[in-house]
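Tertiary structure, described
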Amino acid sequence: MEHDPVCGMDIDPAGAAAKSAFNGVEVYFCSASCKKKFDADPGAFMAVEGGSDGSAVDPVCSMTVKVNEAAGTSVYEGRKYYFCNKNCKEKFDADPGAFMAGNGVTDDSATGEACPVPGPEVKQERAEKTSSAGLKSVDLPITGMSCASCASKIEKGLSKTSGIKKASVNFATEKVTISYDPKEVAPGDFIKTIKELGYGAGVEKVVLPVQGMSCASCVDKIEKALNGLDGVVRATVNFATEKATVDYLPATVSVAEMVKAVKGAGYDVIEVAEEEDLLEKEGKAKKAAYLRLRRKFIVGLILTAPVFLFAYPGVFGLTSVIDLDRRTYFLLQFVLATPVQLWCGKQFYTGAWAAARHKTTDMNTLIAVGTSAAYLYSITATFFPRVFTSSGFAPEVYFDTAAAIIVLILLGRLLEARAKGQTGEAIKKLMGMQAKTARVIRDGVEMDVPMKDVVEGDVVVVRPGEKIPVDGVVVDGYSSVDESMISGESMPVEKNKGDDVIGATINKTGSFKFRATKVGKETALAQIIKMVEDAQGSKPPIARLADLISSYFVPVVIGIAVLTFIVWYFFGPAPAFTYALLNFVAVLIIACPCALGLATPTSIMVGTGKGAENGILIRGGESLETAHKLNVIVLDKTGTITKGEPSLTDVVAEDGFGEDEILLYAGSAEKGSEHPLGEAIVNGAVERGIELTGPENFDAVPGMGIQARIKGRDVLLGNIKLMKEKGIKSGRLEEVSIKLSDEGKTPMFVALDGKAAGIVAVADTLKENSAEAISAFKSMGLEVAMITGDNRRTAAAIAKAIGIERVLSEVLPEDKAREIKKLQSEGKKVAMVGDGINDAPALVQADVGIAIGTGADVAMEASDITLIGGDLRAIVTAIALSRATIRNIKQNLFWAFFYNTALIPLAAGVLYPFFGILLNPIFAAAAMGLSSVTVVSNSLRLRRFKPTL
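Rules of the game
Residues numbered from 1 in each chain as written. Predicted model: local features only at pLDDT ≥ 70, side-chain atom pairs only at ≥ 80, totals over all residues. Heavy atoms only, no water. Pairing = 2+ DSSP bridges. Helix = DSSP H or I, 4+ residues; strand = E, 2+ residues; numbered from the N terminus. Phe/Tyr/Trp six-rings, centres within 6.5 Å; stacked < 30°, edge-to-face > 60°. Axes fitted to C-alpha atoms, helices over the stretch in contact; angles between N-to-C directions. Parallel < 35°, antiparallel > 145°, perpendicular 65-115°, else oblique. Left-handed = near helix turned anticlockwise from the far one by under 90°. Contact = heavy atoms within 4.5 Å. Nonpolar A, V, L, I, M, F, W, Y, C, P; charged D, E, K, R; others polar. Core = buried A, V, L, I, M, F, W, Y, C linked by side-chain atoms within 4.5 Å. Buried < 20%, exposed > 50% of the residue type's maximum accessible area, 1.4 Å probe, protein only. pLDDT = per-residue confidence, 0-100. Salt bridge = Lys/Arg side-chain N within 4 Å of Asp/Glu carboxyl O.

**Considering the sheet that holds strand E23 (residues 500–501)**
- The strand order E18-E17-E19-E25-E20-E23 describes an open sheet built from 6 strands, whose pairing is antiparallel. If you trace the sheet from one side to the other, it starts and ends with strand E18 (445–450) and E23, each paired once.
- Relative to strand E25 (residues 512–518), strand E19 (residues 459–462) runs antiparallel, the two being bridged by 4 bridges. Bridge assignment links Val460 to a residue of E25, and that residue is Phe514.

Shown next as structure tokens:
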């Protein structure tokens, strides 16, 4: 077994992808790219004297060492190795083989001393530590590193992140230790950086369905409890979905500890299990909670109705039927209202007590205090009336008020729960798309199996009208497939052997077989569902503001309520205590911040779900919020504006020759070619119905073109240099070629039997709807720019054809992000749209990165928004959806603040001295419930959003 000196992989010489010789030693490689790097500078990888810059790599710590300054050397298997210090040499000499696969560790100190290689006796420290200087240190596992150069790449990438003071990667333990200022940067930010560099951060995610949240202030309590755990990188709670999403380090903190923290904050968590089980359990738990709520509401309503009857016997004509004394009416009300208070309203008491144990308050506190004040006052008036009659007035009871408040709030929660269920319909729709079974061929027999039993490599049979169960590649048959539920495109897509198919799409006409390539959580639909769920659980800055306000709102309201009681008691009219109590209760009830907590997440849920229905995957609420602020959109040319592959555009024939004739010989000469330009000519000829033949002989002329003999005729196909080299006069064709080049096309001359016959031109043509999309961007007030590595002339031709004025041409891949940064330095909010690996840095740099879903996976990973199809018009829809969602959120916040602020003064009685108006606590409860229902109903209006194009 040998070692690839570049990436450190073990290689069987018989199966090596490439090999080289260095100083008489044969060296084997896992890939051609490793060989290329090695051949450029063998000394840098062989750690022997003779590197191009006189340096070598310490095999233990991976530091670069000047050979003439090395602290020590060793010889192993005929090769000489250099070390940065004596510790590294001692470790190497003890076990040289351990370091031959690149298992070194990086320098972790300013002195240059190498980090010791940890053995089994080294205990794992807590993942997160805080220094005396206020800096935090976190150890993150890294996945995906293949060689020592990866460590350097990660360290350099992290060092550029503001707030990170030091980053040190240990290649042996596959960990990075990051010292950072928590005031400047959050763990989520540098985890994102690590992912953008192409590695995994070793952080896992868990979603905890939380039960018992009553308002937005609950969100803050749960987030604080979870974020206070060592090993929790980030925890966010979504009040609308009733879920906590936690990024954590599994080696440091367990899910059980997180559940304990949530329960310690006074809430419950549905047991975490396999995803399918969890969804089922969550659904059952929510249904059970809804039925419990409905049962309590119905019982409360039945009991509260006669309470009102006995509270106002004269109004309802009861006195004409039965005449009871005042105290008997009070007793009847007490009997009926007590179950409402203690059984129907039990959840408010348990919630308030849990909050009190944690020295905080929430909506339950307001309801429990308010209704208890009215209820206890009424008990005192019923059983101990002398407390009040001694003061000179006969007390009234408010059992009706306390009972009605509880029933109305239960009704509000019932309506809210139903409405919130509708905001999650996008996820339900996506999950409903999945097929339930699949017909697979095993041991030559077709059989139906449940979806979860399909494994990668299974051959699956799909008949007309059936759903395709999983992702795969067609191996036999032909059909057209409706992919509209995934891509948003209405036209069926033709599928032949070798074409990809996507799970959950619908087979229309033919029958075919395909080999499963992605199953379970790996399918495109599963990934879409996950992305939508993540987006719905995320929080834009506008939501965090609402959460912050809510956390302070409840204690402030209690203070206002107490002040209201004091003012009315000491300065109000008689009976002062009664007025003070009623206004105290009204203030507490009207101010519950439920609507405030629902304002943002419900809109985000509906908006991201609507995006998914239209083939637009929005990674998070922040992306959705930022998209509405954009004023510049930068489009990569190849694969974004254009199709990304050349096609035949022009055939120009000289006198005496026909276009089909030219295309016959040009296509036949290129038949079997793997060059994209040659394939374009062949495909163009086939589309015109021209039957091609293979060349009798063929020869490539480097840098010029090809020459071949076809059907007894000599054929030349290439550039003007080839024509001149062979002494062929091109005549007017040279002018035609210049014109075609100015249009961004690639012209190729065709000569038959020594005479110029014509030109075939190919180009990466514009996508069908690109011009329409760019026109729409402009109408939305967006400045449009094109970025490309093409030469200025080609770029200008494409831009002119499509109506783009600002062109950034001849931009190297590594410079694309720099160009985006330049635009941002002008104070602009920039969106970058691309599809290739080389677009990833620019997608990350942009305020909003938009990836074309038909492109590279790394581009989609780096983006904020992914278009499942390749149609640029979807970006217009995405921006319009962003604007509609933010507008909807602002409307929600207005209604939430309107109810919670405008009605507090009314509940406190400020209008009484002028107009004699007081807000009855019963109406306050109705208004509070109405505010939540109004907010959720307004969010649901987003379901009517339709694409602008």
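Still more ground to cover, so stick around.
**Description of the sheet that holds strand E24 (residues 506–507)**
- The strand order E22-E21-E24 describes an open sheet built from 3 strands, whose pairing is antiparallel. The open sheet has two free edges, formed respectively by strand E22 (493–495) and E24, since each of these has just one partner strand.
- Inspection of the sheet shows strand E21 (residues 479–482) paired to E22 by 3 bridges, in the antiparallel sense. Within E22, the residue paired with Ser479 across the bridge is Lys495.

**Section: the packing of aromatic side chains**
- Applying the stated criterion to the full structure yields 15 aromatic pairs.
- Judged by centre distance (6.0 Å) and plane angle (80°), the rings of Phe565 and Phe584 are edge-to-face. Residue Phe565 is located in helix H17 (residues 541–571), and its partner Phe584 is located in helix H18 (residues 576–590); the two are separated by 19 residues in the primary sequence.
- Consider the rings of Tyr579 and Tyr912, whose centres lie 5.8 Å apart with planes at 50°: the pair is tilted. Highlighted residues: Tyr579 in helix H18 and Tyr912 in helix H32 (residues 912–915), separated in sequence by 333 residues.
- By way of ring pairs, the aromatic residues Phe565, Tyr569, Phe570, Phe577 and Phe584 are connected into one cluster.

**With respect to the packing of helix H22 (residues 659–670) against helix H23 (residues 676–687)**
- Between H22 and H23, the shortest axis-to-axis distance is 8 Å and the interhelical angle comes to 130°. By the angle class used here, H22 and H23 are oblique. Along this stretch, H22 crosses H23, giving a crossing that reads as left-handed. Where H22 abuts H23, its residues Leu663, Ala666, Gly667 and Glu670 lie against Gly678, Ile681, Val682, Gly684 and Ala685.
- By residue class, the composition of the contact of H22 with H23 is 5 nonpolar, 3 polar and 1 charged.

**Details of the nonpolar core**
- Counting residues in each nonpolar core, the largest one holds 52 residues, and the members touching the most others are Val340, Phe399, Leu410, Val585, Val587 and Ile590.
- For this core, the secondary-structure elements that each account for two or more residues are helix H8 (275–311), helix H9 (326–344), helix H11 (363–383), helix H13 (399–423), H17, H18 and helix H31 (873–908).
- Dropping the residues within four chain positions of it, Val585 is found in contact with Gly370, Ala373, Ala374, Ile405 and Pro921.
- With 48 residues, the next largest nonpolar core counts Leu630, Leu635, Leu782 and Ala874 among its residues.

**Observations concerning unusual backbone geometry**
- Its identity as a non-glycine residue notwithstanding, Asp443 has a phi of 55°, on the positive side.
- Take Asp443: it is sitting in the loop between strand E17 (437–442) and E18.
- You will see that Asp753, though not glycine, has its phi angle at about 50°, which is positive.
- Relative to the assigned elements, Asp753 resides in the loop between strand E32 (746–752) and strand E33 (755–766).

**Remarks on the packing of H9 against helix H10 (residues 346–357)**
- Running from N to C, H9 and H10 cross one another at 45°; their axes reach a closest spacing of 5 Å. What the angle tells us is that H9 and H10 run oblique. Listed contacts from H10 to Gln341, Leu342, Trp343 and Cys344 of H9 are Lys346, Gln347 and Tyr349.
- Of the residues belonging to the contact of H9 with H10, the class tally is 4 nonpolar, 2 polar and 1 charged.

**Quick notes on the environment of Ala438**
- For Ala438, the location among the structural elements is in strand E17.
- A relative accessible area of 1% places Ala438 in the buried class.
- Spatially, the C-alpha atom of Ala438 lies 8.9 Å from that of Lys467, the residues being 29 residues apart in sequence.

**Some points on the environment of Leu226**
- Counting through the fold element by element, Leu226 comes out in helix H6 (residues 216–227).
- Discounting chain neighbours no more than four positions away, the residues touching Leu226 are Val232, Ala235, Ala244, Val246, Met258, Ala261 and Val262.

**Some words on the confidence of the model for the protein**
- Scored by pLDDT, the protein comes out at a mean of 77, with 78% of its residues at no less than 70.
- Element-level mean pLDDT values for the protein span from 43 in strand E9 (residues 128–130) up to 92 in E19.
- Note that residues 101–132 has pLDDT below 50 and, in this model, 78 contacts with residues that lie over four places away or in other chains.

**Details of the pairing of strand E12 (residues 175–180)**
- Burial along E12 is one-sided: the residues Val176, Ile178 and Tyr180 are buried and none of Lys175, Thr177 and Ser179 is.
- Sheet topology places strand E11 (residues 164–170) next to E12; 6 bridges connect them, and they run antiparallel. In the sheet register, Ala167 faces E12, and the bridge partner there is Ile178.
- Counted along the chain from E11 to the antiparallel partner E12, the turn is 4 residues long, and its residue Glu174 has a positive phi close to 55°.

**Here's the deal with the pattern of salt bridges**
- If you walk through the whole model with that rule in mind, you get 23 salt bridges.
- As a salt-bridge pair, Arg234 and Asp247 come within 3.6 Å of each other at their nearest N and O atoms. Of this pair, Arg234 sits in strand E14 (residues 232–238) while Asp247 sits in strand E15 (residues 243–248), and the two are 13 residues apart along the sequence.
- A salt bridge links Lys829 to Asp847; the shortest N-O distance between them is 4.0 Å. Separated by 18 residues along the polypeptide, Lys829 in the loop between helix H28 (816–825) and strand E36 (830–834) and Asp847 in the loop between helix H29 (840–845) and strand E37 (848–852) bring together distant segments of the chain.
- Overall, the relative accessible area of 32% leaves Lys829 in the partly exposed class.
- A network of salt bridges, in which partner residues are shared, links Glu783, Arg806, Glu826 and Lys828.

**Structural notes on the pairing of E21**
- In E21, alternate side chains face the same way, and those of Ser479 and Val481 on one face and Ser480 and Asp482 on the other are all buried.
- Of the pairings in the sheet, the one linking E21 to E24 comprises 2 bridges and is antiparallel in character. Among the inter-strand pairings, Asp482 is bridged to a residue of E24, identified as Ile506.

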